[in-house]
Amino acid sequence: MSEVDQNQAGDTRRDFLKKTSFAAALSLTPITILKAADQKVDERFAELFEKIPLNLKVNNKSYALSVEPRVTLLDLLREQLHLTGTKKGCDHGQCGACTVHVDGQRINSCLSLAVMNEGKSITTIEGLANGNELHPMQAAFIKHDGFQCGYCTPGQIMSAVACVREGHANSREEIREYMSGNICRCGAYPNIVDAIQEVKEKGVKV
Amino acid sequence: MINFQYLRTSVVKTALNLINKDSKAVFIAGGTNLVDLMKRGVTAPEKLIDINHLPLKQISFANNLLQIGALTSNSALAEAPIVKEKFPLLSLTLQAGASAQLRNVATVGGNMMQRTRCGYFYDTTMPCNKREPGSGCGAIGGYNRMHAIFGTSEHCIAVHPSDMCVGLIALDAQVVLASAKGERKIKFADFHKLAGNTPEKDNNLQKGELIVRVEIPANNFNKNFHYLKVRDRSSYAFALVSVAAALDISNGVISDARLAMGGVAHKPWRLIEAENFLKGKSPNKANFEQAAKIAMNGAKSFGENDFKLTLAPNTIVEALTLAQA
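A description of the pattern of salt bridges should follow, citing residues and the corresponding values.
Taken as a whole, this structure holds 27 salt bridges over all chains when the rule is applied. Of the charged contacts in the structure, one is a salt bridge between Asp91(A) and Lys88(A), with a shortest N-O distance of 3.7 Å. Residue Asp91(A) is classed as buried on the basis of its relative accessible area of 18%. Of the residues examined, Lys88(A) reaches a relative accessible area of 31% and is grouped as partly exposed. Between Arg131(B) and Glu132(B) there is a salt bridge, and its shortest N-O distance comes to 2.9 Å.

An account of the confidence of the model for chain A is requested, with residue identities and associated values reported.
For chain A, mean pLDDT is 88; residues scoring 70 or higher make up 82% of the total. The model gives residues 36–46 of chain A a pLDDT under 50, and that stretch makes three contacts with residues more than four places away or in other chains.

Tell me about the packing of helix 5 (residues 136–143) of chain A against helix 6 (residues 153–166) of chain A, and name the residues and values.
Residues and elements named next belong to chain A. For the pair helix 5 and helix 6, the least separation of the axes is 10 Å and the interaxial angle reads 120°. The angle between helix 5 and helix 6 falls in the class oblique. Where helix 5 crosses over helix 6, the handedness of that crossing is right-handed. In this structure, helix 5 contributes Met137, Gln138 and Phe141 to the contact, and helix 6 contributes Thr153, Gln156, Ile157, Ala160, Val161 and Val164. Among the residues forming the contact of helix 5 with helix 6, the class breakdown is six nonpolar, three polar and no charged.

Quick notes on the rules
- Residues numbered from 1 in each chain as written.
- Chains lettered and ligands numbered in written order.
- Predicted model: local features only at pLDDT ≥ 70, side-chain atom pairs only at ≥ 80, totals over all residues.
- Heavy atoms only, no water.
- Salt bridge = Lys/Arg side-chain N within 4 Å of Asp/Glu carboxyl O.
- Buried < 20%, exposed > 50% of the residue type's maximum accessible area, 1.4 Å probe, protein only.
- pLDDT = per-residue confidence, 0-100.
- Contact = heavy atoms within 4.5 Å.
- Axes fitted to C-alpha atoms, helices over the stretch in contact; angles between N-to-C directions.
- Helix = DSSP H or I, 4+ residues; strand = E, 2+ residues; numbered from the N terminus.
- Parallel < 35°, antiparallel > 145°, perpendicular 65-115°, else oblique.
- Left-handed = near helix turned anticlockwise from the far one by under 90°.
- Nonpolar A, V, L, I, M, F, W, Y, C, P; charged D, E, K, R; others polar.

Next up, the structure:
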């Protein structure tokens, strides 16, 4: 994206929503909990938020983080690293919108605990393009109109790249089968298959 | 999700000691089932022991025996050249399950341990003897379209959802289990259990045990085989009924047969009587239909899954026909 809508105060829509909802949440939090957390009086309460160090690479950038064990890789990417290209569709491993590459393999990031990715190399949709030069799969999706609302699209593209690399894009039937973990409510499937076929047939390096 | 303690080790002995020390601890491998269940509040372990770094990912074939490390991913096992060459039925069953993304993470051991997909098990507001013993079974007399027709009990009619397990039971696999006391080996057919009076237990794994290896003896079922999975969608859906069929045909006669079904019972369902009928017979439609009839002995339906009484034998015949071709 080359342009981001901003209001007079320099806030994006996302920033504005964050500020107003944080203020609302703060006003609703019982004062007792705020005090306890502040003074660390409750040992067990503090223990509940014990964090674990986590070192990993995302789109070739190294991160040294500290996360609760229950944080999923999807939430880590979106909420902590602000890489919001990866989408939360179902959050239960059934739609594929959260597809990313971990050490070159496509996975559903919603079912992966962040802490289980220690030392791994993650690639998200933001990491596909080469500067301003689109990845061949991204270009193909645009050429073949492989999306409507675009919500499933980052997951589709990450999955499509892996599908070709795995050697599972040899026919329309095989593509449909090996892309079956990515669903599209808008029904852009035929065009998605077109895009993947073109990339495969061109033989370009993905 | 509730918070929990997280520990990680790359030594089997350490993992076994950790699980023994704390009754509230469970192992996590791929996590594609466990994390989902934890998100939904179906299960809430207080401590997870991450076993992904244990050295249990090898696949080897020697002395007519395929040995598979329990942490091998489903996709790695499906694509392994030795499996595609000598155990292609197993490859087919693996490819029929889940999605590519899930198969890359899910492990062999985890696939065996996966819980049922019954809606009442998943819905914590619903009665479920498996999730909460004694609370009742919502599926009996409720929505039971996906449920069992063999080996059911009055407490539970859930099915085991795995495709890989149907292949493993058909191919006479064995399972190696490790604990602080040592290793033991059992038949794959004895790993999962029927619901009976203890539906809260899916299998015969004892507390403190870890699946380390699955072994499959060499066989002649790599020429005539098929895995037919019937489901509401053409892909990425659990089976209504599935059949793994394999035939060893010599001189136009079936010398040996393997038949197993998924989507029909609390454990992968081996059809021994039907296999015995087929031995020595000609691989023709009449014999396939007779085998299917024998296979359906004892089948019982619960209202919404009555159609399985027709779908199952038809799928058996079709699978055998495709295997023979």
